[in-house]
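Given next are the chains, with one letter for each unit.
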Amino acid sequence: MTSSLTPPFLPDVIALEEKLEVPLYRKRSFALAHGQGARVWDIDGNSYIDCISGHGVAVVGHCHPQVVQAITYQAQELITCQESFANPARALFLSRLSQVMPPELSRFFLCNSGTEAVEAALKFARVATDRTEIIAATRAFHGRTMGALSATWRPQYRDAFQPLVPGFSHVPFNNIEALEKAVGENTAAVILEPVQGEGGVYPADPGYLKQVKEITHSQGALLILDEVQTGCGRTGHFLAAEHYQITPDIVCLAKGIGGGLPLGVVAVSEKIAAALAPGLHASTFGGNPLACAAGAAVLQIIEQEQLSPRAAHLGTWFVEEIKKLALPAVRDIRSLGLMIGLELRFRCAPYLTALEQQRVLALAAGPQVVRLLPPLVITQEELEQVLAALAIVLGEQK
Ligand SMILES: *Cc1c(COP(=O)(O)O)cnc(C)c1O
């Protein structure tokens, strides 16, 4: 199946992008034109099972009819509406959001991306505590703007941009003693991903986040969970925090929440909201009706199609099946729900290319981890096709 609306493609889409964009992205060898559910089609009409989902964005699948309908309607009503005016699409999104978030996190700031959500969370934590220091974890990824980048760990992302924001430090992930030593009277917040995504798919140990919360609170600091990648049902609950039975002080969401439109959310408690006032922070596009209409549809779909439990069931089944294959190239499998990392014994780049040839799209999380972030609407049949591709590609040494 290809799109019924075939646009007049320019003769060489790939060469044009390569020539006209700054060279920040390593581009794949084909261009994507169309998507439906867990499948995407390239401009030559080849179809792929998409276990990238735009880096975890397409949780409800590509072009879900309810998302398409919501943004088509909203595009005809009002596309831009700065936050100084209320808007029905935004109010609907916020009210649905408040129904799925923990009741303690009852206030929201809307923005346009993951890094913006993290940026706002860091600013809110500093204002609410009147402190300046932030503690993050080794392997952490929180985004690329200067504040979020200061919390991000990888030297390749940071070094060219020094000096970064002062007051940030990193402690080993899942090491409670190191964290206890690091948190002090100047700590505004500890920021963590419940499952480290870009860093290689490392879930927090069972008791870790609970202990982190106790330590931060005993020191008057806040706990920020960056659920940009883990949120929206990806790991088997709407928030990954639910696996760990904790409610953080601040949660960041983005990626899946906008169904493909740029949308970020910072959720905070009433107490933190009380430290904020008009003019302290803002965003021109934040809370725009088009993104909010998409977000409202996404939340409805997650609920209607029970995507969080679906991610839990499918993820458990799929990982068991991968284990049964006993793939010689795989050293370790780490996962929570449909957030899956296969640590290889070798560099993963050639395996990702080989998977493309089997019509499966996967992405890297560091040099040796193949990461799978399929849409949560993916069918068991499609996952069986992914298994067959993995068996072929990872069954041999590249
Ligand atoms: C992707 C990601 C970000 C950054 O999101 P952008 O929308 O690319 O700015 C931040 N934190 C985590 C955990 C992410 O996975």
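Below or above, wherever it landed, is the structure these notes cover. (Residues numbered from 1 in each chain as written. Predicted model: local features only at pLDDT ≥ 70, side-chain atom pairs only at ≥ 80, totals over all residues. Heavy atoms only, no water.)

1. Re the packing of helix H12 (residues 307-325) against helix H14 (residues 380-394)
Then step 1. Remark: H12 packs on H14, axes separated minimally by 11 Å, with the N-to-C direction vectors making an angle of 25 degrees. Looking at the two axes, H12 sits roughly parallel to H14. At the point where H12 passes H14, the crossing takes the right-handed sense. When H12 is examined against H14, the residues Leu314, Trp317, Phe318, Glu321, Ile322 and Leu325 are found in contact with a partner set consisting of Gln380, Leu383, Glu384, Val386, Leu387, Leu390 and Ala391. (Axes fitted to C-alpha atoms, helices over the stretch in contact; angles between N-to-C directions. Helix = DSSP H or I, 4+ residues; strand = E, 2+ residues; numbered from the N terminus. Parallel < 35°, antiparallel > 145°, perpendicular 65-115°, else oblique. Left-handed = near helix turned anticlockwise from the far one by under 90°. Contact = heavy atoms within 4.5 Å.)

2. With respect to the pairing of strand E12 (residues 264-268)
Then step 1. A large share of E12 lies buried, amounting to five of its five residues.
Then step 2. Here E12 shows two buried faces, one formed by Gly264, Val266 and Val268 and the other by Val265 and Ala267.
Then step 3. Where strand E11 (residues 250-253) meets E12, four bridges bridge the pair, whose relative direction is antiparallel. Directly across from Val251, in E12, lies its bridge partner Ala267. (Buried < 20%, exposed > 50% of the residue type's maximum accessible area, 1.4 Å probe, protein only. Pairing = 2+ DSSP bridges.)

3. Focus on the pattern of salt bridges
Then step 1. Applying the stated criterion across every chain yields a total of eleven salt bridges.
Then step 2. For the salt bridge of Glu343 with Arg331, the shortest nitrogen-to-oxygen distance reads 3.4 Å. You can see Glu343 sitting in strand E14 (residues 339-344) and its partner Arg331 sitting in strand E13 (residues 330-336), a full twelve residues away along the chain.
Then step 3. Several salt bridges converge on common partners, so that one network encompasses Arg331, Asp332, Arg334 and Glu343. (Salt bridge = Lys/Arg side-chain N within 4 Å of Asp/Glu carboxyl O.)

4. What about the site of the ligand?
Then step 1. In the region of the ligand, the neighbouring residues are Ser113, Gly114, Thr115, Phe141, His142, Gly143, Glu193, Asp226, Val228, Gln229 and Lys255.
Then step 2. Phe141 places a polar main-chain atom, nitrogen or oxygen, 3.4 Å from a nitrogen atom of the ligand.
Then step 3. Expressed as a share of its isolated accessible area of 380 Å², the protein-covered part of the ligand is 81%.
Then step 4. Its residues assigned to classes, the shell around the ligand comprises two nonpolar, six polar and three charged. (Near = heavy atom within 4 Å. Polar contact = N/O pair within 3.5 Å; in protein donor to acceptor, adjacent residues only side chain to side chain. Areas by Shrake-Rupley, 256 points an atom, 1.4 Å probe, with all protein chains shown as cover. Nonpolar A, V, L, I, M, F, W, Y, C, P; charged D, E, K, R; others polar.)

5. Re the pairing of strand E3 (residues 47-50)
Then step 1. Pairing of strand E2 (residues 39-42) with E3, which is carried by three bridges, proceeds in the antiparallel orientation. Within E3, the residue paired with Arg39 across the bridge is Ile49.
Then step 2. Between E2 and E3, which pair antiparallel and follow one another directly, the connecting turn spans four residues, one of which, Gly45, has a positive phi of 90 degrees.
Then step 3. Here two bridges tie E3 to strand E15 (residues 360-361), and the two strands are oriented parallel to one another. Each bridged residue has a counterpart across the sheet, and for Ile49 the counterpart in E15 is Val360.

6. Quick look at the sheet that holds strand E4 (residues 107-111)
Then step 1. Read from one edge of the open sheet, seven strands run E4-E12-E11-E10-E7-E5-E6, paired in mixed fashion. Among the strands making up the open sheet, the edge pair consists of E4 and strand E6 (168-171). On average, each strand axis in the sheet is inclined to that of its neighbour by 20 degrees, with strand direction left out of account.
Then step 2. Here strand E5 (residues 133-137) pairs with strand E7 (residues 187-192) via three bridges, running parallel. Paired with Ile134 across the strands is Ala189, a residue of E7.

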